[in-house]
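Observations on chain architecture
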Amino acid sequence: MSLPKIEVRIPTILRPYTNNQKIVSVEALTLADLVSELEKNYSGLGERLLENGELRRFINIYINDEDVRFIGSLTATLQAGDSVTILPAVAGGC
Amino acid sequence: MTKYESLEDSLGHTPLIGLAKLSPKVGNDNPPVRLWAKLEDRNPTGSIKDRTAIAMINDGEKTGKLKPGATILEPTSGNTGISLAMVAKVRGYKLICVMPENTSVERTQILEMWGAKIIYSPAAGGSNEAVRVAKELAEKNPDWVFLYQYGNPANTMAHYTGTGPEIFEDLPTITHFVAGLGTTGTLMGAGRYLREKNPEISIIAAEPRYGEVVYGLRNLDAGFIPELYDASLITRRFSVGAEDSVRRVKQLLEIEGIFAGISTGAILHAALAIAKECVDAGTGADIVFIVCDAGWKYLSTGVYGNDGDPEVLDDQLWA
């Protein structure tokens, strides 16, 4: 069985790791696998996302616009067609 | 009661409006899924931030932090500054706002109208930069009073004692509360109150997803999480881009006649996603969402027009 193919949006600050690609594609079943795949393909990127095996404090990851911290964090599962967005934590207005 | 001794006294008790047309249709045998809009633009200066500003100033006066004639310093993307400017004007304080340079022109015009001084922070980094610059200024100018909405418990308390109780009193059957995630004061305060009343109520955060400029931090450690934020009070959190926000804000205008600011579109987008889930699950719901402000301050962006392009918001702070 082939793994779901997931599009991952990379923020500007992390693009030096992806040869400046805005969107990269990886195959993974869970967010933890996705991060490992990213590290495998783009050395150093995984380390920017995780710290002691957890998401870094100032990193937010969204699966289809939903913050993964509320849907299982690294254990969140992925399906074909899902879109993953990585963003640094910023202050909001409103 | 509609008679008040002063403009400030008219704070809060904003209308909660049922959205019969925008609420999703459910099958005949299923319970209704209803959307309710809390119109926070009906506050003294036209936004939910009047609650925050008045609470912080009252607290500052009570604790002695704010002395007569003092200068107040605050990082703001607009609304908090506008609210503080009005109260400062009326009560005789000076106000200095640190605001990102990439905000709508109306915000500058309104701030100046009430006599606030504006120090602009760089566009790249958005509000993070405004917070950073304001913190630096606060350190250099210890005589300025730094109210700091992102970390001031009076901000949360304004919603714990105001927004939350008002909603629960009007709609005790509320199942979901959806609000914007900025300082997090609304979600933390109203969310905590509603959870205490009924632990089953879901607290949903909608945060604006800006264009790339705003995320242009110098390094990851320049990220920012408001000191007020407590993730344990939140059930789910959605990130909503400009395109979806503008589409929803136009829908709200066209279908229900409510003219809201762009950030409300992000909140409505999350509320509609929740509504759809409830319809699909066949569960009834009373979903309350916050209308943070009206659309007047954003007309210059042009996004409300028929050919308005959400891409113009790419390099702006629109919430």
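Residues numbered from 1 in each chain as written. Chains lettered and ligands numbered in written order. Predicted model: local features only at pLDDT ≥ 70, side-chain atom pairs only at ≥ 80, totals over all residues. Heavy atoms only, no water.

A few words on the overall build of chain A. In terms of regular secondary structure, chain A is built from two helices and seven strands. What you see in chain A, going N to C, is helices and strands ordered as β-β-α-α-β-β-β-β-β. Its C-alpha radius of gyration of 13 Å places chain A within 12% of the 12 Å reference for a compact globule of 94 residues. Counting the 94 residues in chain A, one finds 53% classified as buried. At a minimum sequence separation of 6, the contacts of chain A that also span at least 24 residues come to 50%. Of the accessible surface of chain A, which amounts to about 4500 Å², a share of 46% is contributed by carbon and sulfur atoms. In chain A, the 9 positive side-chain charges and the 12 negative ones have mean positions that sit 7 Å from each other. (Helix = DSSP H or I, 4+ residues; strand = E, 2+ residues; numbered from the N terminus. Rg over C-alpha atoms; globule rule 2.2 N^0.38 Å. Buried < 20%, exposed > 50% of the residue type's maximum accessible area, 1.4 Å probe, protein only. Contact = heavy atoms within 4.5 Å. Areas by Shrake-Rupley, 256 points an atom, 1.4 Å probe, with all protein chains shown as cover. Lys, Arg positive; Asp, Glu negative; His and termini not counted. Charge placed at Lys NZ, Arg CZ, Asp CG, Glu CD.)

Quick look at the sheet that holds strand β5 (residues 117-121) of chain B now. All names here are of chain B. Reading across from one edge, β5-β4-β3-β6 is the order of the four strands in this open sheet, with parallel pairing throughout. A single partner strand is all that each edge strand has here, and the edge strands are β5 and β6 (145-146). The strands that helix α4 (residues 126-140) touches are β3 (71-75), β4 (94-100), β5 and β6; relative to β4, the one it contacts most, it runs at about 140°. (Pairing = 2+ DSSP bridges. Axes fitted to C-alpha atoms, helices over the stretch in contact; angles between N-to-C directions.)

What follows deals with the pairing of strand β7 (residues 83-88) of chain A. Residues and elements named next belong to chain A. Counting buried residues along β7, five of its six residues qualify, which places the element largely inside the surrounding structure. Where strand β5 (residues 59-63) and β7 come together, five bridges link them in antiparallel fashion. Counted as the bridge partner of Ile-59 is Pro-88 from β7.

This part is about the packing of aromatic side chains. Applying the stated criterion across every chain yields a total of six aromatic pairs over all chains. Ring plane angle 45° and centroid distance 6.0 Å describe the contact between B:Tyr148 and B:Tyr150, whose orientation is recorded as tilted. For the pair formed by B:Tyr148 and B:Tyr150, the shared burial category is buried. Between B:Phe259 and B:Tyr304, the aromatic rings sit 5.3 Å apart at their centres with planes inclined by 75°, giving edge-to-face as the arrangement. With a gap of 45 residues between them, B:Phe259 in the loop between α7 (242-256) and α8 (262-281) and B:Tyr304 in the segment after β10 (285-291) connect regions that are remote in the sequence. Residue B:Tyr304 is classed as buried on the basis of its relative accessible area, which comes to 15%. Following the ring pairs from residue to residue traces out a cluster consisting of B:Phe146, B:Tyr148, B:Tyr150 and B:Phe224. A cation over an aromatic ring shows up here: B:Arg209 above the ring of A:Tyr62, its NZ or CZ 5.6 Å from the ring centre. (Phe/Tyr/Trp six-rings, centres within 6.5 Å; stacked < 30°, edge-to-face > 60°. Lys NZ or Arg CZ within 6 Å of the ring centre and 35° of its normal.)

Residue and element names in this part refer to chain B. Tracing the chain through its elements places Ser-83 in helix α2 (residues 79-91). Residue Ser-83 is classed as buried on the basis of its relative accessible area, which comes to 0%. Only 2.6 Å separates the side chain of Ser-83 from the side chain of Asp-50, close enough to count as a polar contact. (Polar contact = N/O pair within 3.5 Å; in protein donor to acceptor, adjacent residues only side chain to side chain.)

Many descriptions give the size of an interface as the accessible area lost when the pieces come together. Between chain A and chain B, the contact holds 24 residues from the first and 35 residues from the second. Where chain A meets chain B, there are four salt bridges. Of the charged contacts in the structure, one is a salt bridge between A:Asp67 and B:Arg237, with a shortest N-O distance of 3.3 Å. Applying the counting rule to chain A against chain B returns eight residue pairs in polar contact (both at pLDDT 80 or more). Among the secondary structure elements, those contributing two or more residues to the side of chain A that touches chain B are β5, β6 (66-67) and β7 of chain A. For the side of chain A that touches chain B, the residue count by class is 12 nonpolar, five polar and seven charged. (Salt bridge = Lys/Arg side-chain N within 4 Å of Asp/Glu carboxyl O. Nonpolar A, V, L, I, M, F, W, Y, C, P; charged D, E, K, R; others polar.)

On to α7(B). All names here are of chain B. A rise of 1.5 Å per residue sets the reference length of α7, with its 15 residues, at 21 Å; its end C-alpha atoms lie 21 Å apart and thus fit the reference within 8%. Along α7, the positions that sit buried rather than exposed are Ala-242, Ser-245, Val-246, Arg-248, Val-249, Lys-250 and Leu-252. Residues of α7 that are buried make contact with β8 (202-209), β9 (236-241), α8 and β10. Positive phi shows up at Gly-257, right after α7, with a value of about 80°. (Expected span 1.5 Å × (residues − 1).)

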